Amino acid sequence: MPKSELTKAIIDATREALNAEGPVPLHVPFLNGSEARCLGEAVESTFVSSVGPFVDRFEAELGSLTGARRVVATSSGTSALQLALRVAGVRRGDEVLVPSLTFVATANAVSYLGAFPHFVDVEETTLGIDPKALRRWLVFASEMTDEGLRNKTTGRMIRALVPMHTFGHPSRIESLCEVAREFSLVVVEDAAESLGSTYKEKHTGTFGLLGAVSFNGNKIVTTGGGGAILTDDDALADRAKHLSTTAKKAHSWEYIHDEIGYNFRMPNINAALGVAQLGQLPDFLSSKRALADKYRAAFDGIDAVSIVTEPTHSRSNYWLQTLRLKEGGAPYLDEILEGLNAAGFGARPVWRPLHTLEIYETASRAPLPVTEKLGRALINLPSSAGLA
Ligand SMILES: *Cc1c(COP(=O)(O)O)cnc(C)c1O
C-alpha cells in the first residue's frame, strides 16, 4: 500500500471506530459520577489538606479493589514509586533494572534516590520486560557476591527490578518474579497505568514486594494528581506512610522528625475526587474494553497494522488503545501521526526509549532490540472512557 493510502486508511478506521469527526483528544477524565458531591463534602468539612476521612476511605477502597493488605496514598505516582523503592532497600549508588520502554518517571524515581536505572528489553507480546532476555542478560552481566548481585561492568549492586504494565497490559509478572528470586532482587511494580488490570485474576501491583499506582489526570482513574503504594507488608507500609509525612513522630504538638522524610501525602480534596472516580471504575473498564473491540473491528482489514490486545492469562484495563505498525507500516510512523493529528485525532507515539534520551544515555543497559523496534511502531489512539 503506498504510504498516503495507508495513512488515509488509518484515519478512516479511527473515524469509524470512534464514530466521530475530530477533535477527539487522546485521553480526558470522565467526571460524571459523584465527583462534585464528594468535592463539596470535602470543602464543607474544611478537611482539604493532607489528613481527612476521604484519604482513609480512598486507601480502604483501593485495598479492597486490588487485594493489597495495605495502601498508602501519595501526592503522585512518581512519589509512590520513589518511596516504594526507598523502603524496599534501594540505596544511593545501587542499580535498579527498569524497562527502557516506559514513561520517564520510572527511571526518575530511581535517580531521585541517588541510584541508577539499568535498562532492560521488553517483549513484543506484552510490551513489558522480557523475562527470558532478562535472565540471559543477568547471567552474562552480573555476579552474585556476599553483598548481593553485582554489575560486573560498573561494580554497583543491582538491587531491584521494576516491571511496568504498559498501557494497562499486564507484563509476564510471575516469570519476572521468578527471575528476581533467582538473582535475589526485590520486585517493585510500576503499576501506574494498570489500575483494574489483573494477571491470573490477581491485581497488577500486588505481585512484587510493593507496587505503585498513579492517579494523574491522564490515567484511568484520577485524583487530579496522586498515587498510591500497594503492599502486603505492614512494616513497609508503616514506614512508607511515616516517610511520606516528613517522618514526624506522632505527638499532639511537638515537631520531632526521626528521619529525613518527604511531603508526599495525598491531600483529602484529591482523595475525595478519587473516591468518586473509583466508583466509576467498573464502567470505565467496560467502556474501554468495548472501545478496543471497535478499534479491532475497524482496523481488521488493514494488513500493515494491528490493535494491541491483552496478553494471555491477563485481563487488561485497556487504559490507552494502541495501534501497532507491522514491518510494512513502521516506516510511515511520522506521516501517520501527522495525518491523525491533522484530522483532529489525538494520536501519540510511544515514549522515546529512555536510553536514547540525553539524560540517560550513559546508563547501564542490556541489548534493547525489541525496545528499539517498538519505539518506532506503536501509536496510542483516542482512549477516553465514554468514547465507546
Ligand atoms: C504516569 C506514570 C508514572 C508517574 O505517575 P505520576 O502520577 O504522573 O507521577 C510512572 N510510571 C508510568 C509508567 C506512568 O505511566
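Residues numbered from 1 in each chain as written. Predicted model: local features only at pLDDT ≥ 70, side-chain atom pairs only at ≥ 80, totals over all residues. Heavy atoms only, no water.

## Quick look at the pairing of strand 5 (residues 148-151)
- Alignment of strand 4 (residues 142-145) against strand 5, held across four bridges, turns out to be antiparallel. Its bridge partner being in strand 5, methionine 144 is matched across the sheet by leucine 149.
- Here strand 4 folds back onto strand 5 in antiparallel fashion, the turn holding two residues.
- Pairing geometry for strand 5 and strand 6 (residues 157-161), over two bridges, is antiparallel. By the bridge assignment for strand 6, arginine 150 is matched with methionine 157.
- Linkage of strand 5 to strand 6, two consecutive antiparallel strands, is achieved through a turn of five residues, within which glycine 155 is found at a positive phi near 80°. (Pairing = 2+ DSSP bridges. Helix = DSSP H or I, 4+ residues; strand = E, 2+ residues; numbered from the N terminus.)

## Focus: the site of the ligand
- Not every one of the 15 residues close to the ligand is listed here, only the nearest: Gly77, Thr78, Glu193, Ser214 and Lys219.
- In this structure, aspartate 190 approaches the ligand through a side-chain N or O atom, which is 2.8 Å from a nitrogen atom.
- In the model, an oxygen atom of the ligand is placed 3.2 Å from a nitrogen or oxygen of the lysine 219 side chain.
- Protein contact buries 93% of the 380 Å² of open area that the ligand shows by itself.
- Put simply, the parts of the chain that give the shell around the ligand at least two residues each are helix 4 (77-87) and helix 5 (105-112).
- Tallied by class, residues from the shell around the ligand come to four nonpolar, eight polar and three charged. (Near = heavy atom within 4 Å. Polar contact = N/O pair within 3.5 Å; in protein donor to acceptor, adjacent residues only side chain to side chain. Areas by Shrake-Rupley, 256 points an atom, 1.4 Å probe, with all protein chains shown as cover. Nonpolar A, V, L, I, M, F, W, Y, C, P; charged D, E, K, R; others polar.)

## A few points about the nonpolar core
- Residues Phe58, Leu62, Phe167, Leu195, Phe215 and Leu378 are the most contacted members of the largest nonpolar core, which totals 39 residues.
- Counting only elements with at least two residues in this core, the list comes to helix 2 (35-45), helix 3 (53-66), strand 1 (70-74), strand 11 (227-231), helix 9 (268-278), helix 10 (281-299) and helix 12 (369-374).
- Each of domain 1 (3-30 + 281-387) and domain 2 (35-278) accounts for three or more of the residues forming this core.
- One finds Ala107, Val110, Phe119 and Ala237 within the second-largest nonpolar core, a separate group that totals 34 residues. (Core = buried A, V, L, I, M, F, W, Y, C linked by side-chain atoms within 4.5 Å. Buried < 20%, exposed > 50% of the residue type's maximum accessible area, 1.4 Å probe, protein only. Domains from an automatic or database assignment.)

## Here we look at the domain arrangement of the protein chain
- Domain annotation for the protein chain reports domain 1 (3-30 + 281-387) and domain 2 (35-278).
- Counting residues at the interface gives 45 residues for domain 1 and 48 residues for domain 2.
- The junction of domain 1 with domain 2 conceals about 3,800 Å² of combined surface from both sides, 63% of it contributed by carbon and sulfur atoms.
- For the domain 1 face of the interface with domain 2, the top three residues by lost area are Leu281, Trp319 and Trp351, together amounting to 20%.
- In this structure, the connection of domain 1 to domain 2 is made through two salt bridges.
- Salt-bridge contacts for arginine 324 lead to glutamate 124; the nearest nitrogen and oxygen are separated by 2.5 Å.
- Among the elements of the structure, helix 10, strand 13 (314-315), strand 14 (321-325), strand 16 (364-365), helix 12 and strand 17 (378-381) are those that each provide at least two residues to the side of domain 1 that touches domain 2.
- Residue composition of the side of domain 1 that touches domain 2, by class: 26 nonpolar, 13 polar and six charged. (Contact = heavy atoms within 4.5 Å. Buried area = accessible area lost by both parts, 1.4 Å probe. Salt bridge = Lys/Arg side-chain N within 4 Å of Asp/Glu carboxyl O.)

## What about the environment of alanine 160?
- By secondary structure assignment, the location of alanine 160 is in strand 6.
- Accessibility expressed as a relative area gives 0% for alanine 160, which makes it buried.
- Each residue touching alanine 160, except ones within four places of it in the same chain, is listed here: Leu85, Val90, Glu95, Val96, Leu97, Leu185 and Val186.

## Focus: helix 3
- Between its first and last C-alpha, helix 3 extends 20 Å over 14 residues, near the 20 Å set by a 1.5 Å rise per residue.
- The set of residues buried in helix 3 consists of Phe54, Val55, Phe58, Glu59, Leu62, Gly63 and Thr66.
- Looking at the buried residues of helix 3, the elements they touch are helix 2, strand 1, strand 9 (202-203), strand 11, helix 8 (234-244) and helix 9.
- A positive backbone phi angle near 85° is found at glycine 67, which sits one or two residues after helix 3. (Expected span 1.5 Å × (residues − 1).)

## Here we look at the sheet that holds strand 14
- Pairing within the open sheet is antiparallel, and its four strands lie in the order 12-14-17-15. Both edges of this open sheet fall to strand 12 (305-307) and strand 15 (348-349), since each of them pairs with a single strand only.
- The pairing of strand 12 with strand 14 spans three bridges and is classified as antiparallel. If you follow isoleucine 307 over to strand 14, its bridge partner there is leucine 323.
- In this fold helix 11 (residues 333-342) packs onto strand 14, strand 15 and strand 17, with an angle of close to 10° to the strand it touches most, strand 17. (Axes fitted to C-alpha atoms, helices over the stretch in contact; angles between N-to-C directions.)

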